[in-house]
Amino acid sequence: MKALLICEYREGKLLDSSYELAAFADKLGAEKAMVLIGNEAAAPKVNAKVYLADVAKYGEYNPDLHKKIVLEAVKRENPDAIVFLHSSYGWDLAPRVAAALKVGQISEITSIKEGKFEVGICNAKLRRIVTPQTEKTVLTIQSGAFNFPGEPQGKPQIEKIELTDAVSPLEFVGYEPPQKKEVDLAKADVIVSAGRGVGKKENVAIIAALAKALGGELGASRPVVDAGWVEHSRQVGTTGQIVAPKLYVACGISGAIQHVAGMKKSEFVVAINKDKDAPIGEVADVLVVADVMQFVPAFTAKLQK
Ligand SMILES: Cc1cc2nc3c(=O)[nH]c(=O)nc-3n(C[C@H](O)[C@H](O)[C@H](O)COP(=O)(O)OP(=O)(O)OC[C@H]3O[C@@H](n4cnc5c(N)ncnc54)[C@H](O)[C@@H]3O)c2cc1C
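Within any chain, residue numbers begin from 1 and follow the written order of that chain's sequence. This being a predicted model, a pLDDT of at least 70 is required before a residue's local features are given, and a value of 80 or more before pairs of side-chain atoms are given or counted; all residues contribute to the totals for chains, interfaces and linings.

### Concerning the site of the ligand
- Here, nearness means that the C-beta atom of a residue, built from backbone geometry, sits within 6 Å of the molecule or strand in question. Around the ligand, 30 residues are found, and the nearest of them are G195, G197, R222, G237 and S254.
- Think of it this way: any DSSP run of H or I at least four residues long counts as a helix, any run of E at least two long counts as a strand, and we number them from the N terminus. Mapped onto the shell around the ligand, the elements with two or more residues apiece are α5 (222–226), α6 (257–263), β15 (268–273) and α7 (292–304).
- Split by residue class, the shell around the ligand holds 10 nonpolar, 15 polar and 5 charged. Any residue outside Ala, Val, Leu, Ile, Met, Phe, Trp, Tyr, Cys, Pro, Asp, Glu, Lys and Arg is labelled polar, Gly included; the first ten of those are nonpolar and the last four are charged.

### Some words on the sheet that holds strand β14 (residues 247–251)
- The parallel open sheet is built from 5 strands, whose spatial order is β13-β12-β14-β15-β16. Two strands close off the open sheet at either side, each with one partner strand: β13 (217–220) and β16 (286–289). Each adjacent strand pair in this sheet contributes to an overall mean axis angle of 20 degrees, direction not counted.
- Relative to β16, β15 runs parallel, the two being bridged by 4 bridges. Looking at β16, one finds that V270 is bridged to V286.
- Across the sheet, helix α4 (residues 204–213) lies against β12 (190–194), β13 and β14, angled at about 170 degrees from β12, the strand it touches most. Two strands are counted as paired when DSSP detects at least two bridges linking them. Simply put, an axis is a line fit to the C-alpha atoms, just over the touching stretch for a helix, and the angle between two N-to-C directions goes from 0 to 180 degrees. By definition, residues are in contact whenever their C-beta atoms, placed on the basis of the backbone, come within 7 Å of each other.

### Some remarks on the domain arrangement of the protein chain
- Delimitation of the domains relies on an automatic or database domain assignment. Domain parsing of the protein chain yields domain 1 (2–160) and domain 2 (185–304).
- Each of domain 1 and domain 2 has a C-alpha centre, and these two points are 32 Å apart.
- Split by residue class, the side of domain 1 that touches domain 2 holds 2 nonpolar, 5 polar and no charged.

### Re the nonpolar core
- By convention in this section, buried Ala, Val, Leu, Ile, Met, Phe, Trp, Tyr and Cys residues joined through C-beta atoms within 7 Å make up a nonpolar core. Put plainly, a residue is buried at 20 or more neighbouring C-beta atoms within 10 Å of its own, exposed at 12 or fewer, and partly exposed in between, counting only other residues' C-beta atoms, which are placed from the backbone. Counting residues in hydrophobic clusters, the biggest one holds 84 residues, and the most contacted among them are L5, V35, V83, I207 and C251.
- Broken down by element, this core gets its largest block of residues, 6 residues, from helix α1 (residues 18–28).
- Of the domains in this structure, domain 1 (2–160) and domain 2 (185–304) are the two that each give at least three residues to this core.
- If sequence neighbours within four positions are ignored, V83 has contacts with A3, L4, L5, I6, L21, F24, A25, L139 and I141.

### Some points on unusual backbone geometry
- The phi dihedral of K102 falls on the positive side, at around 55 degrees, and the residue is not glycine.
- With respect to the helices and strands, the residue K102 is situated in the loop between α3 (88–101) and β7 (104–113).
- Overall, K102 belongs to the exposed group, with 8 C-beta atoms counted inside 10 Å.
- The phi dihedral of E114 is positive, around 50 degrees, even though this residue is not glycine.
- Counting through the fold element by element, E114 comes out in the loop between β7 and β8 (116–121).
- The class of E114 is exposed, set by 5 C-beta atoms lying within 10 Å.

### As for the pairing of β12
- Buried residues dominate β12, accounting for 4 of its 5 residues.
- Bridge count between β12 and β14: 5 bridges; the pairing is parallel. Its bridge partner being in β14, S193 is matched across the sheet by A250.
- Examined bridge by bridge, β12 and β13 share 4 bridges and lie parallel to one another. In the sheet register, V192 faces β13, and the bridge partner there is L218.
- Crossovers are described as right-handed under a simple rule: with the strands pointing away from the observer, the path leading from the first strand over the helix to the second runs clockwise. Each parallel crossover has a hand, and the one from β12 via α4 to β13 is right-handed.

### Considering α3
- Multiplying 1.5 Å by the residue count of a helix minus one yields the expected span of that helix. For α3, spanning 14 residues, the distance from its first C-alpha to its last is 21 Å, which sits close to the expected 20 Å at 1.5 Å a residue.
- Restricting attention to buried positions, one finds in α3 the residues Y89, G90, L93, A94, V97 and A98.
- Buried residues along α3 sit in contact with α2 (63–77), β6 (81–85), β7 and β10 (137–141).

### Let's talk about the sheet that holds β8
- Strand order in the open sheet formed by 9 strands is β9-β8-β7-β10-β6-β1-β4-β5-β11, with mixed pairing between adjacent strands. Lying at the two open borders of the sheet, with one neighbouring strand each, are β9 (126–130) and β11 (157–160). Averaged over all pairs of adjacent strands, the angle between strand axes in this sheet comes to 35 degrees, irrespective of strand direction.
- Most of the contacts of α2 go to strand β4 (residues 31–37), to which it runs at about 155 degrees, and overall it touches β1 (2–6), β4, β5 (49–53) and β6.

Listed below in structure tokens is the structure:
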């Protein structure tokens, strides 16, 4: 099995998420080669071939040109899988590559089960196992699902790709920074998050009080944000913030994969859930089986004393 991994590069820098691709290939037991469309100084530290195309003069991202470069690398490497991150870059480029190669695409892989791929369905409430049906397959992997262990170390063997036909009707205009976040949860040492289990908007104050008593920040799962109980800047998960505090307290949160992907790097996890079998228990160091509305106010009162 050979995997061609398409690195993520932004404004002159290799994004660390590129190493998640390497972790995925290692877990799959695949021989890996990478593609970097960027400058050589940013090449990933891997002991693998890296196809490098520096096309900065055409702007940092041009889907037509990036597709041509990936297809050229596919021609040279003949991989079984072409792998992207399930990010805005992957969403845009992966289907273009799959369509050009007339091969299947499996999107947002969350884990590998005996060489097959697990993906979410029904708004990620269920999971299913998918097997590629085409000779080659384009894959996208969920951000945060495959962690690269330790510091990357390695010496890439660079093979350059020059663009001969750089014609495209598209022009890269630039990046627009996102609106400034009201809170940067990534910097918090303690996060106490409210999940749907808190029941209603008024109860969020009880979770916020615990966060305050612990000297931390309030976080939230997506349904709590979608319901408008907490602002989006406090959402933890794949479509919120990825956090790694010293202490993470999950209150009434089931432990869906998209939430866990955002907090599993926390040093110590306490979950409070009335269901002793809630999946959050799999990542929690301590699972308190209790009603949050009874346990949290009592615990906060003890801490305040
Ligand atoms: C593309 C995509 C992206 C997503 N991104 C994110 C994301 O970034 N972040 C995120 O969080 N989710 C995300 N989701 C949603 C995710 O799949 C889950 O639906 C969500 O995380 C569930 O939130 P929850 O745990 O708060 O709610 P639920 O899954 O409804 O769980 C509620 C939990 O509370 C417990 N509970 C209920 N009442 C009490 C009580 N009184 N006391 C104690 N426990 C109680 C229940 O036992 C249950 O375990 C995403 C989904 C998709 C499809």
